[in-house]
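# Reading the structure
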Amino acid sequence: VLIPAAGSGSRFLKPEGGPRNKVLAPLAGEPALRHTVRAFHALPTVATVRIIAHPEDRAALDEAFADRSAWTKLGPWIVGGAERQDSVRLGLEALEADGGEKPDWVLVHDGARPLCSPALIHRVLTALQSHSAVVPVVPVFDTVRKAGPQATSGGVMDRTQLRLTQTPQGFHTPILVQAHRRAQADGAQATDDGHLIERMGLALHLVAGERRNIKVTIAGDLALAEWIAAHPEWGTEALLP
Ligand code: C5P
């Protein structure tokens with residue numbers, strides 16, 4: 001499992017005296033990233049978890065995982081890049097450079113999604129047995145409108161055809177490696193890994209994501225995440241992909 005957590009948190013309004021990186025902000029009594037890692041670390045089907053981090057966060061990360069020896073599946077931090085895509089590519093390169101057995105499957109999960117349930121991870125893993133690229137999505141409940149110039153509306157999109165994309169996204173490792181190499185060669189940028197698979201003309205298999213799996217993006221999201229963390233069943237229902 002690769003966990004990109006090397007963002008600058010530029011949209012995250014930092015609480016006074018809080019950490020630079022939103023993934024290290026406290027949630028239910030501990031840094032949010034510990035929840036993210038634990039969701040995977042706890043599963044017998046997961047062999048290794050690698051966090052991709054910004055060098056400036058290294059000391060804070062060491063502090064967040066001061067009980068490092070208890071996290072037996074957690075490998076060394078990987079240094080991330082300027083964009084999320086760079087961070088994931090550097091993560092894949094680190095796996096390639098590692099000696100030993102290469103993983104057949106890789107999951108990529110945003111460090112900023114600390115509330116992902118075991119059921120969702122299992123859904124992705126189960127689908128990976130028959131598909132080489134798996135992406136969790138949720139339906140869109142609001143009416144979606146494009147923004148036109150000068151505060152005009154650019155029209156309404158058909159929400160029945162739209163889905164919001166989440167992580168963990170699961171891949172047969174060689175396919176994801178190839179997708180990242182090709183994107184880098186072409187200078188293509190994407191905000192998720194699934195998009196890089198699609199731009200090679202390959203199919204993505206969609207599974208149901210879940211509403212509790214929010215991405216902590218702005219500071220107010222932490223209060224919401226806190227509430228969700230205190231309600232373990234909320235938002236775990238599998239809404240049809
Ligand atoms: O920016 P966004 O919220 O989409 O980031 C999703 C995840 O990617 C976050 O966990 C963030 O830390 C990570 N990221 C990264 N390297 C970057 C930018 C974002 O690992 N350069």
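Before reading further, recall that the structure is shown in the block above.
This section reports on the structure supplied with the text.

Cut-offs applied
Residues numbered from 1 in each chain as written. Predicted model: local features only at pLDDT ≥ 70, side-chain atom pairs only at ≥ 80, totals over all residues. Heavy atoms only, no water. Salt bridge = Lys/Arg side-chain N within 4 Å of Asp/Glu carboxyl O. Helix = DSSP H or I, 4+ residues; strand = E, 2+ residues; numbered from the N terminus. Buried < 20%, exposed > 50% of the residue type's maximum accessible area, 1.4 Å probe, protein only. Pairing = 2+ DSSP bridges. Near = heavy atom within 4 Å. Polar contact = N/O pair within 3.5 Å; in protein donor to acceptor, adjacent residues only side chain to side chain. Areas by Shrake-Rupley, 256 points an atom, 1.4 Å probe, with all protein chains shown as cover. Nonpolar A, V, L, I, M, F, W, Y, C, P; charged D, E, K, R; others polar. Core = buried A, V, L, I, M, F, W, Y, C linked by side-chain atoms within 4.5 Å. 1 Å grid on protein atoms, 1.4 Å probe; cavity = no way out; pocket = protein on both sides within 12 Å on 5 of 7 lines; lining within 4 Å. Points joined across faces, edges and corners; volume = space filled by probe spheres on them. Axes fitted to C-alpha atoms, helices over the stretch in contact; angles between N-to-C directions. Parallel < 35°, antiparallel > 145°, perpendicular 65-115°, else oblique. Left-handed = near helix turned anticlockwise from the far one by under 90°. Contact = heavy atoms within 4.5 Å.

## Remarks on the pattern of salt bridges
Counting across every chain of the model gives eleven salt bridges. The salt bridge involving arginine 34 is made with aspartate 67; its shortest N-O contact spans 2.8 Å. With arginine 34 in helix H1 (residues 32–41) and aspartate 67 in the loop between helix H2 (58–64) and strand E5 (78–79), this residue pair connects regions lying 33 residues apart in the sequence. Given the relative accessible area of 32%, aspartate 67 is considered partly exposed. One salt-bridge network, held together by shared partners, links Glu30, Arg34, Arg38 and Asp67.

## Points about the environment of glutamate 198
Take glutamate 198: it is sitting in helix H6 (residues 193–198). Note: C-alpha distance between glutamate 198 and alanine 179 (19 residues apart in sequence) is 8.8 Å.

## Some remarks on the pairing of strand E4 (residues 50–53)
Neither face of E4 is open: one carries Arg50 and Ile52, the other Ile51 and Ala53, and all of them are buried. As judged from the three bridges shared by strand E1 (residues 2–4) and E4, these two strands associate in the parallel manner. Counterpart to leucine 2 in the pairing with E4 is arginine 50. Of the pairings in the sheet, the one linking E4 to E5 comprises two bridges and is parallel in character. When the sheet's bridge partners are listed, isoleucine 52 is paired in E5 with isoleucine 78.

## A look at the site of the ligand
Of all residues adjacent to the ligand, which total 15 residues, the nearest are Pro4, Ala6, Gly81, Ser87 and Lys215. Within the side chain of serine 87, one N or O atom sits 2.7 Å away from a nitrogen atom of the ligand. Contact between the ligand and alanine 112: an oxygen atom at 3.1 Å from a main-chain N or O atom of the residue. Protein contacts shield 86% of the accessible area of the ligand, which totals 460 Å² for the unbound molecule. Taken together, the residues of the shell around the ligand break down into five nonpolar, four polar and six charged.

## So, the nonpolar core
Ranked by internal contacts, the top residues of the largest apolar core, which has 31 residues, are Leu33, Val37, Phe40, Ile51 and Phe65. Those elements that provide at least two residues to this core are H1, E4, H2 and helix H4 (118–128). Per-element tally for this core: the top contributor is H4, with six residues. Residues Ala94, Ala179, Ala183 and Met200 belong to the second largest nonpolar core, which totals 20 residues.

## A short note on empty space enclosed by the protein
Going through the model one piece at a time under the given rule, you end up with one cavity of 30 Å³ or more. Empty space within the largest cavity amounts to approximately 30 Å³. Forming the boundary of the largest cavity are Arg84, Gln85, Val88, His180, Ala190, Thr191, Asp192, Asp193 and Leu196. Listing elements by their share of the lining of the largest cavity, those giving two or more residues are helix H3 (84–97) and H6. Here the residues of the lining of the largest cavity are counted per class, giving three nonpolar, three polar and three charged.

## Points about the packing of H3 against helix H5 (residues 173–186)
Here H3 crosses H5 at 130°, and the two axes come no closer than 10 Å. Taken together, the axis directions place H3 and H5 in an arrangement best described as oblique. Considering only the axes of H3 and H5, their crossing is left-handed. Each of Gln85, Val88, Arg89, Leu92 and Glu96 in H3 lies in contact with H5, whose residues at this interface are Leu176, Val177, His180, Arg181, Ala183 and Gln184. Counted by class, the contact of H3 with H5 contains five nonpolar, three polar and three charged residues.

Function-wise, these values are silent; they only describe arrangement.
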